[in-house]
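For reference, the chains in residue letters:
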Amino acid sequence: MADYRLQGDTGEWEVVCGLEIHAQIISDSKLFSAAATEFGAEPNSQVSPVDAGMPGMLPRVNQFCVEQAVKTGLGLRAEINRWSAFERKNYFYADLPQGYQISQYLHPLVGEGTVYLDMPDGSVVPVGIERLHMEQDAGKSLHDQEPGKTYIDLNRSGVGLMEIVSKPDITSPEQAGAYVNKLRSILRYLGTCDGNMAEGSMRCDINVSVRKPGGDLGTRCELKNVNSVRFIMQAIEAEATRQIEILEDGGEIEQQTRLYDPDKRETRALRGKEHAHDYRYFPDPDILPLIVENDWVERIKASMPELPDEKKQRFIDEYGLSAYDAGVLVAEQAYADFFETLAKGRDPKLAANWFTGDFFGALNKAGVELDAAPVDSAKLGELLDLIADETISGRIAKDVFEEMWETGKPAGQIVEDKGLKQITDTSELEGIVDKIVADNPDQVAQVQDGNQKVKGWFVGQVMKATGGKANPKLVNEILAKKLG
Amino acid sequence: MADTPSRPTEMTLAQARDALANGELSSKELTQAHVQAVESARQLKAYITETPERASTMAEAADARRQKGESRGPLDGVPIAIKDLFCTKDVLTTAGSHVLDGFTPPYESTVTSKLWDAGAVMLGKTNLDEFAMGSSNETSYYGAAENPWRRQGDNRPLVPGGSSGGSASAVAARAALGATGTDTGGSIRQPAALTGITGLKPTYGRCSRFGIVAFASSLDQAGPMARTVRDCAILLGGMAGFDDNDGTSVDTPVPDYEAALTGDIRGLKVGIPKEYRVDGMPREIEELWQQGLDWLKDAGAEPVEISLPRTHYALPAYYIIAPAEASSNLARYDGVRFGLRETAGSSLDEMYEATRAAGFGDEVKRRVLIGTYVLSAGYYDAYYNKARKVRTLIAQDFAEAYKQCDVILAPTSPNAAFGVGELADDPIAMYLNDVFTVPASLAGLPALSVPAGLDASGLPLGLQLIGRAFDEETVLRAGEVMEKAANFTAEPAFVAGR
């Protein structure tokens, strides 16, 4: 794949990005309290005194959240640190009840790992993981409820997060998008984060810098809270372009935190230096260091599902799929499962083509998730069987599929009701061909003069005459015979 | 044991327990006498909040249980006071601070829950230095509690020590059979010494910190304060135990502390740390220390000269670590969710500033500033990190010493009670009050202060026994032997009800 370059007045520029993803841990209760974590609950209905930072309250580490983070670390092929520690990140904000966030700083739970990106051209790009650490989420400030007032909802306060920090290995907006998608896919396979960016259960900060190809790393700016893959890609381009303009004007990049405005397609500074924080990290004296036993990690490892990379390779090896198709199919566990059910005892390539083609198209058009589709893998399989045994042609199958999607009826019934069964009776087809040949002497002459295109015209005429039901293979054979 | 006094408030907790058990006294009578004592001792400002109605209800319930033969044990029906640092459900909890104005927690601390489960009766919440920061009780927003003792021929008020000064004052004045305290750098032991009572700081992790307003989380530890070692042993039995809600609580069985009071310390090796002979130590304290050792020797213990070489660094390390943690622990007092809110100006920052400026007293502000400073970028390694290393070395000193001895004897405080206002303008002199108590706090070890004698002006002095981690039993056993030998019968100038 060609390297991504931005063109400036002084030549080409390279973009260097590192992503920090905050992924909300799937867990019934919070990282340090027993309060519930369900999204969208009545404000302040899921808040324990611990989450509200009440006097004398103490955090209690939720072991399940630790297990989820370990599992995620394993999924990122990362080292699990047997000894890690929680620290306090101190700052004041109205939705941060304790006046500090409990996080991991010097000693994260998970160390270095790797994520492999599946690029559209089939290439695979490795991106290093710097670390994964656990921390608690803050609450939410609502500024739009009443003029001049701010309301605080603490439902999210204390919810467990995994902060996954990549190395600065990402060199294009496209890679950044692929990275977020891949990470999301891994997390969803593992069941450790639902990856829902719209609900904020996956949030992204991006560090962006530019440099001349092969040069030293430039000063970076951090883009906070960019919350869709599309915006992530746009934001990187906008920020890189801004930095290039400054540098080419002889300016310097000021290291700062910025926000991306998708309407204006530009980034702007979030806070100036006067609000620069000194977080005064120090080990949280309320929480003993986290010690992870080897055999516990081994047990977690043993319980891991097959992950996208392994599944992709298996799909290539076992089903003979292209890297691209396999990559698309494994992006979601549900897709992969659907495909495997569909491909069982059938032609895997036909299954992959139908699933990623017509079926995905219908899903997108209807805007529904796989589990809400009116056609399931058994029904789609029945359709594929009708193609395979030549009951219907691939062309007719498309119409049948549309009908299936609309009515939910089985393929066989639709073919039956509408009389769409393929004509495979040679004598019947020969009769039809004979008539068309007889009616169109000019075209016959053209074919005989070597114009192959007109042969296609004859096929079309036969299909037209049979309502598309003619077996295309037979039609071709008969035409070849009749037209010489 | 002396004859049981006729006035219930002048009984020891153990005597009251026995009187309840053999039916000489009902909890209702015992509690009523104490409620009156609390009222008559109001001049001491030992209590911030009195809870006579709750006391009465709890006493009646205790009597009803006893009548049905369902007594819950030695603390059932026994009236005690609670330092106002423990959160008590539906009862005002102030931490001695203006910033917690009107705060009534919807939850109960683990230690007080255990005490109520054991049948103890709550008389009220006792005064303390603001957020337990102080050694004199003078930093309380509610006015300093006074010491019931007076110097001979001098009626000027004296401090009860701190920060558990209200608990100490109440117990010394016979306005509670016992009380809870908390000790971060000496806040149980020093006031116990200055008021002529007994106080035990247990091993860090022995009593749950859940529901105790935090000062310095890695040091805070709840413990009993009472008039005798036995009373402390009984109270500790009701307070100690593992708590899943406190990640630093230790899951180790709670022994029968009273059963440890065998009086037999033959062969016990008592360490005397040479580094505790600080410059300018008053002669009478040095003599009392020697006297204490002689008492233990007479009972069959063996003195051992030991060295705790890093003692000198304990106080400075403590005054870095404790404020550092406090600066973070006190960030939650921001006016947003509970307590005081000052809404000068319109911005969030202005609300924080106004609330915290009005809500915190000078000593708290001083420590928040120190703590913020020592944790800040560029100073962290020089101060906080260095202090943590010193702390580790101090713990190692103790570990070395306990290879040679079983318990360490030292003075509790470098001086007797001082006058109200005498040290108020000299924070360093005030901090020096903690010089003998802080090392055991940094090492997380159990330490007991026992009243051992009087100074020249007739004020009580205490001796401190420091034990191995989770060896409260040895500390209590040796303490009781020393208590018997000291035969401390002097009484404060003010005794409630007399």
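Residues numbered from 1 in each chain as written. Chains lettered and ligands numbered in written order. Predicted model: local features only at pLDDT ≥ 70, side-chain atom pairs only at ≥ 80, totals over all residues. Heavy atoms only, no water.

Named according to an unreviewed UniProt entry, chain B is Glutamyl-tRNA(Gln) amidotransferase subunit A originating from Rhodovibrio sodomensis. Quoted verbatim from the Function (unreviewed entry) heading of the UniProt record, the comment on chain B is "Allows the formation of correctly charged Gln-tRNA(Gln) through the transamidation of misacylated Glu-tRNA(Gln) in organisms which lack glutaminyl-tRNA synthetase. The reaction takes place in the presence of glutamine and ATP through an activated gamma-phospho-Glu-tRNA(Gln)." UniProt annotates chain B under Sequence similarities (unreviewed entry) with the comment "Belongs to the amidase family. GatA subfamily." (UniProt positions renumbered as here; feature names shortened; annotations may be inferred.)

The name given to chain A in an unreviewed UniProt entry is Aspartyl/glutamyl-tRNA(Asn/Gln) amidotransferase subunit B, with the source organism recorded as Rhodovibrio sodomensis. Taken directly from UniProt, the Sequence similarities (unreviewed entry) text for chain A runs: "Belongs to the GatB/GatE family. GatB subfamily." For the record of chain A, the UniProt heading Subunit (unreviewed entry) holds the text "Heterotrimer of A, B and C subunits."

1. Here we look at the overall build of chain B
Helix and strand content of chain B: 15 helices and 11 strands. Over its C-alpha trace chain B gives a radius of gyration of 21 Å, about what one expects of a compact globule, namely 23 Å for 498 residues. Every one of the 498 residues in chain B was classed for burial, and the buried ones make up 65%. Excluding contacts between residues fewer than 6 apart, the proportion of contacts in chain B whose partners are at least 24 apart in sequence is 77%. Summed over all atoms, the accessible surface of chain B reaches about 17,000 Å², with 49% contributed by carbon and sulfur. Charge centroids of chain B, computed over 47 positive and 64 negative side chains, lie 2 Å from each other. (Helix = DSSP H or I, 4+ residues; strand = E, 2+ residues; numbered from the N terminus. Rg over C-alpha atoms; globule rule 2.2 N^0.38 Å. Buried < 20%, exposed > 50% of the residue type's maximum accessible area, 1.4 Å probe, protein only. Contact = heavy atoms within 4.5 Å. Areas by Shrake-Rupley, 256 points an atom, 1.4 Å probe, with all protein chains shown as cover. Lys, Arg positive; Asp, Glu negative; His and termini not counted. Charge placed at Lys NZ, Arg CZ, Asp CG, Glu CD.)

2. A short note on a nonpolar patch on the surface
All names here are of chain B. Together, Tyr373, Tyr379 and Tyr383 make up an exposed nonpolar region whose accessible area comes to about 270 Å². With respect to the element layout, Tyr383 can be found in helix H12 (residues 381–401). With relative accessibility at 31%, the residue Tyr383 sits in the partly exposed group. (Patch = residues over 30% accessible without salt bridge, like charges linked within 9 Å, V, L, I, M, F, W, Y side chains within 5 Å. Salt bridge = Lys/Arg side-chain N within 4 Å of Asp/Glu carboxyl O.)

3. Structural notes on the UniProt feature "domain: Asn/Gln amidotransferase" (unreviewed entry) in chain A
Feature annotation in UniProt places "domain: Asn/Gln amidotransferase" (unreviewed entry) on residues 337–483 of chain A, given in this structure's numbering. Along residues 337–483 of chain A one finds 74% helix and 0% strand; the C-alpha atoms at either end are 48 Å apart.

4. Remarks on the interface of chain A and chain B
On the chain B side, the residues contacting the 29 residues of chain A number 41 residues. Around 2,800 Å² of area is buried between chain A and chain B when both sides are counted, 58% of it from carbon and sulfur atoms. Taken together, chain A and chain B are joined by 2 salt bridges. Seen at the junction of chain A and chain B, the total is 17 residue pairs in polar contact (both at pLDDT 80 or more). Put simply, the parts of the chain that give the side of chain A that touches chain B at least two residues each are strand E4 (87–90) and strand E15 (282–283) of chain A. (Buried area = accessible area lost by both parts, 1.4 Å probe. Polar contact = N/O pair within 3.5 Å; in protein donor to acceptor, adjacent residues only side chain to side chain.)

5. Digging into the nonpolar core
Residues and elements named next belong to chain B. By size, the foremost hydrophobic cluster in this structure holds 167 residues, and its most contacted members are Leu115, Phe131, Leu296, Phe398 and Leu409. The greatest single-element share of this core, amounting to 10 residues, is contributed by helix H9 (residues 314–329). The contacts of Leu296, once residues within four sequence positions are left out, are Ile265, Val270, Ala301, Leu409, Leu465, Ala478, Val481 and Met482. (Core = buried A, V, L, I, M, F, W, Y, C linked by side-chain atoms within 4.5 Å.)

6. Description of the pattern of salt bridges
Evaluation of the coordinates by the stated rule reveals 67 salt bridges over all chains. The closest approach of N and O atoms between Arg498 of chain B and Glu10 of chain B, which form a salt bridge, is 2.8 Å. Taken together, the positions of Arg498 of chain B in the segment after helix H15 (472–486) and Glu10 of chain B in the segment before helix H1 (13–21) put the pair 488 residues apart, joining distant regions of the chain. Take Arg498 of chain B: its relative accessible area is 53%, and that puts it in the exposed class. Between Asp264 of chain B and Arg266 of chain B there is a salt bridge, and its shortest N-O distance comes to 3.0 Å. By relative accessible area, Asp264 of chain B is classed as partly exposed at 34%. For Arg266 of chain B, a relative accessible area of 64% gives the class exposed. Through salt bridges with shared partners, one network takes in Arg77, Asp118, Lys182, Asp309, Glu310 and Lys312 of chain A.

7. As for helix H5 (residues 308–319) of chain A
An α-helical turn contains 3.6 residues, so a residue and the one three or four places further along point in the same direction. Residue and element names in this part refer to chain A. Helix length check: H5, at 12 residues, gives a terminal C-alpha distance of 15 Å against a target of 16 Å (1.5 Å per residue), a fit within 8%. Residues Pro308, Asp309, Lys311, Lys312, Phe315 and Tyr319 constitute the buried set of H5. Its buried side turned inward, H5 meets strand E6 (113–118), strand E7 (124–136), helix H2 (173–190), helix H6 (323–330), helix H7 (333–343) and helix H8 (348–366). (Expected span 1.5 Å × (residues − 1).)

8. Description of the UniProt feature "domain: Amidase" (unreviewed entry) in chain B
When the UniProt feature table is mapped to this numbering, "domain: Amidase" (unreviewed entry) covers residues 29–476 of chain B. Across residues 29–476 of chain B, the secondary structure splits into 35% helix and 14% strand, with the terminal C-alpha atoms separated by 30 Å.

9. Observations regarding the side chain of Asp471 of chain B
Residues and elements named next belong to chain B. Mapped onto the fold, Asp471 is located in the loop between strand E11 (460–467) and H15. Despite its burial, Asp471 remains without a salt bridge, the nearest opposite charge being carried by Arg468 at 4.5 Å. Asp471 has contacts with Thr203 and Pro446, leaving out every residue within four places of it along the chain.

10. Examining the sheet that holds E4 of chain A
Residues and elements named next belong to chain A. On the basis of which strands lie adjacent, the open sheet formed by 3 strands has the order E5-E4-E15 and antiparallel pairing. Each edge of the open sheet is held by one strand with a lone partner, namely strand E5 (100–103) and E15. Relative to E5, E4 is paired through 4 bridges, and the arrangement is antiparallel. Bridge pairing in E5 links Lys89 to Gln101. (Pairing = 2+ DSSP bridges.)

11. Let's talk about the packing of aromatic side chains
Aromatic ring pairs are defined here through the distance separating the ring centres and the angle between the ring planes. Under the counting rule described, the total for this entry stands at 36 aromatic pairs over all chains. Measuring from ring centre to ring centre gives 5.3 Å for Phe92 of chain A and Tyr352 of chain B, while their planes differ by 50°; the resulting arrangement is tilted. Of this pair, Phe92 of chain A sits in the loop between E4 and E5 while Tyr352 of chain B sits in helix H10 (residues 348–359), each in a different chain. Accessibility expressed as a relative area gives 30% for Phe92 of chain A, which makes it partly exposed. (Phe/Tyr/Trp six-rings, centres within 6.5 Å; stacked < 30°, edge-to-face > 60°.)

12. What to know about the pairing of strand E9 (residues 149–153) of chain A
Residue and element names in this part refer to chain A. Strand direction decides the pairing type here: strand E8 (residues 140–146) and E9, joined by 4 bridges, are antiparallel. Of the residues in E9, the one forming a bridge with Lys140 is Asp153. Between the end of E8 and the start of E9, which pair antiparallel, lie 2 residues, with Gly148 showing a positive phi angle near 80°.

13. Comments concerning the environment of Gln313 of chain A
With respect to the element layout, Gln313 of chain A can be found in helix H5. Under the relative-accessibility criterion, Gln313 of chain A is labelled partly exposed at 43%.

14. A short note on the packing of helix H10 (residues 394–407) of chain A against helix H11 (residues 411–418) of chain A
All names here are of chain A. Their axes nearest at 9 Å, the elements H10 and H11 cross at an angle of 115°. Classed by the angle they form, the pair H10 and H11 counts as roughly perpendicular. Between H10 and H11 lies a crossing whose hand is right-handed. Across the interface between the two elements, Val400, Glu403, Met404 and Thr407 of H10 pack against Ala411, Ile414, Val415 and Lys418 of H11. The class makeup of the residues in the contact of H10 with H11 is 5 nonpolar, 1 polar and 2 charged. (Axes fitted to C-alpha atoms, helices over the stretch in contact; angles between N-to-C directions. Parallel < 35°, antiparallel > 145°, perpendicular 65-115°, else oblique. Left-handed = near helix turned anticlockwise from the far one by under 90°. Nonpolar A, V, L, I, M, F, W, Y, C, P; charged D, E, K, R; others polar.)

15. Section: unusual backbone geometry
Residue and element names in this part refer to chain B. The linkage connecting Gly162 with the following residue, Ser163, adopts the cis geometry, with an omega of 5°. As for its placement among the helices and strands, Ser163 is situated in the loop between strand E3 (121–126) and helix H5 (165–172). Residue Arg174 is not a glycine yet carries a positive backbone phi of 65°. When you line up the elements, Arg174 lands in the loop between H5 and strand E4 (178–183). Given the relative accessible area of 13%, Arg174 is considered buried.

16. With respect to H5 of chain B
Residues and elements named next belong to chain B. Judged by how many residues are buried, H5 sits mostly within the fold: 8 of 8 residues are covered. Taken together, the buried positions of H5 are occupied by Gly165, Gly166, Ser167, Ala168, Ser169, Ala170, Val171 and Ala172. In this structure, the buried residues of H5 make contact with strand E1 (47–50), strand E2 (79–83), E3, E4, helix H6 (189–195) and strand E6 (221–226). Positioned one or two residues after H5, Arg174 has a phi angle of 65°, which is positive.

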